[in-house]
Amino acid sequence: MRLAVLADIHGNLDALDAVLTDAAAQGVERLYINGDVVNRGPDSVACMRRVLALPPGWLGGLTLGNHDDLMLLWHDHSAALPPDWWNDPFWGATAWSTRQLAETGLLDPIRSWPMQLRVSLPGLPELVIAHGSPDHYREAIGTFTPPQRILELLDAAGAGVLVASHIHRPMLSEVLSQAGPARWIINTGAVGAPFDGNPDARYLLLDGSEGAWVPMIRAVPYDRSGLLQRFTTSGLLDAGGLSARIFREEIVSARSIYTPFWDWAELRGVQKTQAQFEQFRAERPELFIPV
């Protein structure tokens, strides 16, 4: 059995199509999408349509990512979001993507996506897939995660393999044990917005053979020029303002910029404006590709 798990598409149709084409060429028999189909990029509507049109026998399931849920929370004007966000222009990109999805009726399918998926196949270790972790879709799982936390997550999930995403950086970590077979904790990396300096779209292949899963991260190159143009032609840059410009910068640099800028501004107690962003850029040049 050959499975694929992909995540963090983030409204990037070109990257999604490149990965779907590669997965088919690799002989993938079943495919799972581990959250964050939408937001950040200009193609949230097109990505939703592409995902929902996948053959039911090939698409094994989808999980809810934090950005998918953010679209619902924003549309519903949820009290779970801070009240000062609604009139803050920094959230223009989120408002734009939510509006695009709502106007095309593509928010409702997201409401049924579960927080995790459990895949059980005869003769193979159980596979648990969750966007962040089974405990929360924002929990970051990566090389920095303490070994004790990894064991806690694997034991609580009852999984031979735990597949996470969310941080946009791939990881394969084999957890050896004297008491039983080796287990894996894996991060798929991101299809649409990698944050490890390599712009190639990333996804996970899992080969089930002889009672074990053998994982591999695939890196799929694609042409980013059309995507970068659509930030402008779609209207996202005009409507989304600074946050949309940051999302575009992340595609160019393949680095996380939005979250470091958010943390930088919160620490200083300053508004998230273009002037403050230029100051941040001057202090953190390693996150940007020189023009």
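Preceding block: the structure.
Computed from a predicted model, the values in this text were never measured in an experiment.

**Student:** Is there a simple way to think about the packing of helix α3 (residues 66-75) against helix α4 (residues 92-103) in this case?
**Tutor:** How two helices pack is summed up by the angle between their axes together with the distance between the axes. Viewed as axis vectors pointing N to C, α3 and α4 meet at an angle of 85 degrees, and their least axial separation amounts to 9 Å. Compared by their axis directions, α3 and α4 come out roughly perpendicular. On α4, the residues touching Leu70, Met71, Trp74 and His75 of α3 are Thr94, Ala95, Ser97, Thr98, Leu101 and Ala102.

**Student:** What is the right way to look at the nonpolar core in this model?
**Tutor:** Side chains that are nonpolar tend, in soluble globular proteins, to be buried together. Core analysis: the biggest nonpolar cluster contains 68 residues, and Leu6, Ile9, Leu31, Ile33 and Val37 have the highest contact counts within it. What Leu6 contacts, discounting residues up to four positions off in sequence, is Leu16, Val19, Leu31, Tyr32, Ile33, Asn34, Val191 and Tyr203. Judged by nonpolar contacts, the second largest core, of 16 residues, contains Val5, Leu121, Leu127 and Leu206.

**Student:** I would appreciate a short explanation of the packing of helix α8 (residues 258-268) against helix α9 (residues 274-283) in the present structure.
**Tutor:** In contact at an axis separation of 11 Å, α8 and α9 are set at 110 degrees when each is read in the N-to-C sense. Classed by the angle they form, the pair α8 and α9 counts as roughly perpendicular. Between α8 and α9, the contacting residues are Pro260, Phe261, Trp264 and Arg268 on the first element and Gln276, Phe277, Gln279, Phe280 and Glu283 on the second.

**Student:** Which parts of the structure should I look at to understand the pairing of strand β3 (residues 59-62)?
**Tutor:** As a general feature of sheets, a regular strand has side chains that alternate between the two faces. Here strand β2 (residues 30-33) runs beside β3; their pairing, made up of 3 bridges, is parallel. The residue bridging Ile33 from the neighbouring strand is Leu62, located in β3. Assessed by its sense of winding, the connection that carries the chain from β2 through helix α2 (residues 44-52) to β3 is right-handed.

**Student:** Whenever I open this one, the pattern of salt bridges confuses me. Can you help?
**Tutor:** Opposite charge on two side chains makes pairing possible when the charged atoms of those side chains draw close. Within the structure shown, the criterion is met by 19 salt bridges. With its nearest N and O atoms 2.8 Å apart, the salt bridge here joins Asp22 to Arg218. Note that Asp22 is positioned in helix α1 (residues 13-25) and Arg218 in strand β10 (residues 212-220), a separation of 196 residues in sequence. Across the pair Asp196 and Arg202 runs a salt bridge, and its minimum N-O distance is 2.9 Å. By sharing partners, the salt bridges in this structure join Asp135, Glu139, Arg149 and Glu152 into a single network.

Calculation criteria
Residues numbered from 1 in each chain as written. Predicted model: local features only at pLDDT ≥ 70, side-chain atom pairs only at ≥ 80, totals over all residues. Heavy atoms only, no water. Axes fitted to C-alpha atoms, helices over the stretch in contact; angles between N-to-C directions. Helix = DSSP H or I, 4+ residues; strand = E, 2+ residues; numbered from the N terminus. Parallel < 35°, antiparallel > 145°, perpendicular 65-115°, else oblique. Contact = heavy atoms within 4.5 Å. Core = buried A, V, L, I, M, F, W, Y, C linked by side-chain atoms within 4.5 Å. Buried < 20%, exposed > 50% of the residue type's maximum accessible area, 1.4 Å probe, protein only. Pairing = 2+ DSSP bridges. Right-handed = clockwise from strand over helix to strand, strands pointing away. Salt bridge = Lys/Arg side-chain N within 4 Å of Asp/Glu carboxyl O.

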